[in-house]
Amino acid sequence: MTDHAQLEADLSAQIAAAPDAAALEALRVAALGKSGSISGLLKSLGSMSPDERKTAGPAINGLRDRVSAALAERKAALEAAELDARLAAERLDLTLPATPRRKGAVHPTMQVMDEMIAIFADMGFALAEGPDIEDDFHNFTALNFPPRHPAREMHDTFFFNPGPDGERKLLRTHTSPVQVRVMQKTNTPPPASWIAAGQDPPIRVIVPGRTYRQDSDATHTPMFHQMEGLVIDRNIHMGHLKWTIDTFIARFFELPSVVTRFRPHHFPFTEPSAEMDVQCDTSGGEVKVGQGTEWSEIVGCGMVHPNILRMCGLDPDEWQGFAFGFGIDRLGRLKYGMPDLRDMFASDTRWLSHYGFSAFATPNPASGLS
Ligand code: DAH
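Residues numbered from 1 in each chain as written. Predicted model: local features only at pLDDT ≥ 70, side-chain atom pairs only at ≥ 80, totals over all residues. Heavy atoms only, no water.

> Explain the overall build of the protein chain residue by residue, including any values.
Secondary structure summary: the protein chain contains 12 helices and 10 strands in total. A compact globule built from 370 residues should have a C-alpha radius of gyration of about 21 Å, whereas the protein chain, at 42 Å, is more than 25% larger. Oriented by its inertia axes, the alpha-carbon framework of the protein chain measures out at about 130 × 55 × 40 Å. Burial analysis of the protein chain (370 residues in total) assigns 40% to the buried set. Considering only contacts in the protein chain between residues 6 or more positions apart, those separated by 24 or more positions represent 65%. Surface summary for the protein chain: the accessible area is close to 20,500 Å², and the carbon and sulfur share equals 55%. Taken as two groups, the 36 positive and 47 negative side-chain charges of the protein chain have centres that lie 4 Å from each other. (Helix = DSSP H or I, 4+ residues; strand = E, 2+ residues; numbered from the N terminus. Rg over C-alpha atoms; globule rule 2.2 N^0.38 Å. Buried < 20%, exposed > 50% of the residue type's maximum accessible area, 1.4 Å probe, protein only. Contact = heavy atoms within 4.5 Å. Areas by Shrake-Rupley, 256 points an atom, 1.4 Å probe, with all protein chains shown as cover. Lys, Arg positive; Asp, Glu negative; His and termini not counted. Charge placed at Lys NZ, Arg CZ, Asp CG, Glu CD.)

Here it is in structure tokens:
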């Protein structure tokens, strides 16, 4: 065997046996690199006689071409093998069941709030909001709670420590202070985070929000949600109030009509004041609204007291109005049957996945909005 044939046989065997790309590259450098064996042979052509070059030239060039081709072929084979190995290792078994994805749910209070807003918006009410941290003036004084009167105590208020000016801020005990913020025109515009700003009558607003009282049992939680309603216009009377609540209740409970009754009550900010009850049946263990012979209290309400109107710069001989305050969580409990109100805010995901709502449902088909 000639030296060339021996070199070619050796290189071919090594190339065929090269285990990976790095080994193959080392072989290429050893044969075709600057000081590689075949490069050396090519260089030697320069010192040959023309006759010798005639036969050695094609032989050496042929050797280089075949070794280059063998290297390229082995490289392609190694790449294909590597791809096969990766495909086998990273194979996805599409027949396996998918890992279950945990889905969030809309909290019943938010669902009920959205349903209520949708119904009242449909009836022409605008939305207003006020701060959770209130001052004594808006929460009590402006709402006609006399100073040092026991009515102030009836709310079991959470007070903050007095500030440098001696003023004690508090967590609002109801959404009623926003009535005052909506009616009273002041020179200081409210911060952007709440919408309520003094406006001229006619006024028709609802005010959903968080409220706070030191109270905790199956039907009370220290933080709860209320929705205030306020209508101020000319010639407004209790009949408008009753129609508004009746219409809302029928739509909320998705009933053609409901039977409600006014019960006399006292709130400092309304005169006359009433609580309204809705007909219900609890005999089967769960509350069914719109049937039966029992009553369930659903809302506090009344005609806005003239003192409130005056406090807000409105003339009671010209403007009258009615107001109401719903407990949102309570209404949700009546509609969806949660036994204990405290569970609503215990942040137990099992409770939430049982009572929660899909985020993709419309607020309330009965509202006429979709
Ligand atoms: N603020 C009352 C409460 O916390 C509810 C209420 C009663 C609101 C009568 C009103 C109203 O606007 O007119 O219990």
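The discussion continues.
> How would you sum up the site of the ligand? Please name residues and give values.
Taken together, the neighbourhood of the ligand is formed by 15 residues, with His174, Ser176, Gln179, Arg213 and Glu228 sitting nearest. Glu228 places a polar side-chain atom, nitrogen or oxygen, 2.5 Å from an oxygen atom of the ligand. In this structure, an oxygen atom belonging to the ligand sits 3.1 Å away from a main-chain N or O atom of Ala323. In isolation the ligand has 360 Å² of accessible area, and contact with the protein removes 92% of it. (Near = heavy atom within 4 Å. Polar contact = N/O pair within 3.5 Å; in protein donor to acceptor, adjacent residues only side chain to side chain.)

> Hey, could you go over the packing of aromatic side chains for me, with residue numbers and the actual values?
Geometry of an aromatic ring pair is reported as the spacing of the ring centres plus the angle between the planes. All told, the structure shown has 14 aromatic pairs when counted by the stated rule. Considering the side-chain rings of Phe252 and Phe253, the 5.0 Å spacing of their centres and the 90° angle between planes classify their relative orientation as edge-to-face. Summarising the burial analysis for this pair, Phe252 and Phe253 share the class buried. The ring of Phe159 is capped by Arg168, whose NZ or CZ atom sits 3.8 Å from the centre of that ring. The positively charged end of Lys242 is found above the aromatic ring belonging to Phe262, 5.8 Å away from the centroid. (Phe/Tyr/Trp six-rings, centres within 6.5 Å; stacked < 30°, edge-to-face > 60°. Lys NZ or Arg CZ within 6 Å of the ring centre and 35° of its normal.)

> Tell me what's going on with the environment of Phe125, and back it up with residues and numbers.
By secondary structure assignment, the location of Phe125 is in the loop between helix H5 (108-122) and strand E1 (126-127). Judged by relative accessible area, Phe125 falls into the buried class, the value being 10%. Expressed as a C-alpha distance, the spacing of Phe125 and Val205, which sit 80 residues apart in the sequence, is 4.9 Å. In contact with Phe125, not counting residues within four places along its chain, are Phe120, Arg204, Val205, Ile206, Leu230, Val231, Thr244 and Phe324.

> So what's going on with helix H9 (residues 238-252)? Residues and values would help.
Compared with an ideal rise of 1.5 Å per residue, which puts 15 residues at 21 Å, H9 spans 21 Å between its outermost C-alpha atoms and is within 8% of the ideal. Buried residues along H9 sit in contact with H5, strand E6 (260-265), strand E7 (270-281), strand E9 (294-304), strand E10 (320-327) and helix H11 (328-336). Two residues or fewer after H9 comes Glu254, characterised by a positive phi angle close to 55°. (Expected span 1.5 Å × (residues − 1).)

> An account of the pattern of salt bridges is requested, with residue identities and associated values reported.
For the structure shown, the criterion picks out 18 salt bridges. A salt bridge links Glu254 to Lys335; the nearest nitrogen and oxygen atoms lie 3.4 Å apart. Here Lys335 lies in helix H11 and Glu254 lies in the loop between H9 and E6, a separation of 81 residues in the sequence. A relative accessible area of 46% places Glu254 in the partly exposed class. (Salt bridge = Lys/Arg side-chain N within 4 Å of Asp/Glu carboxyl O.)

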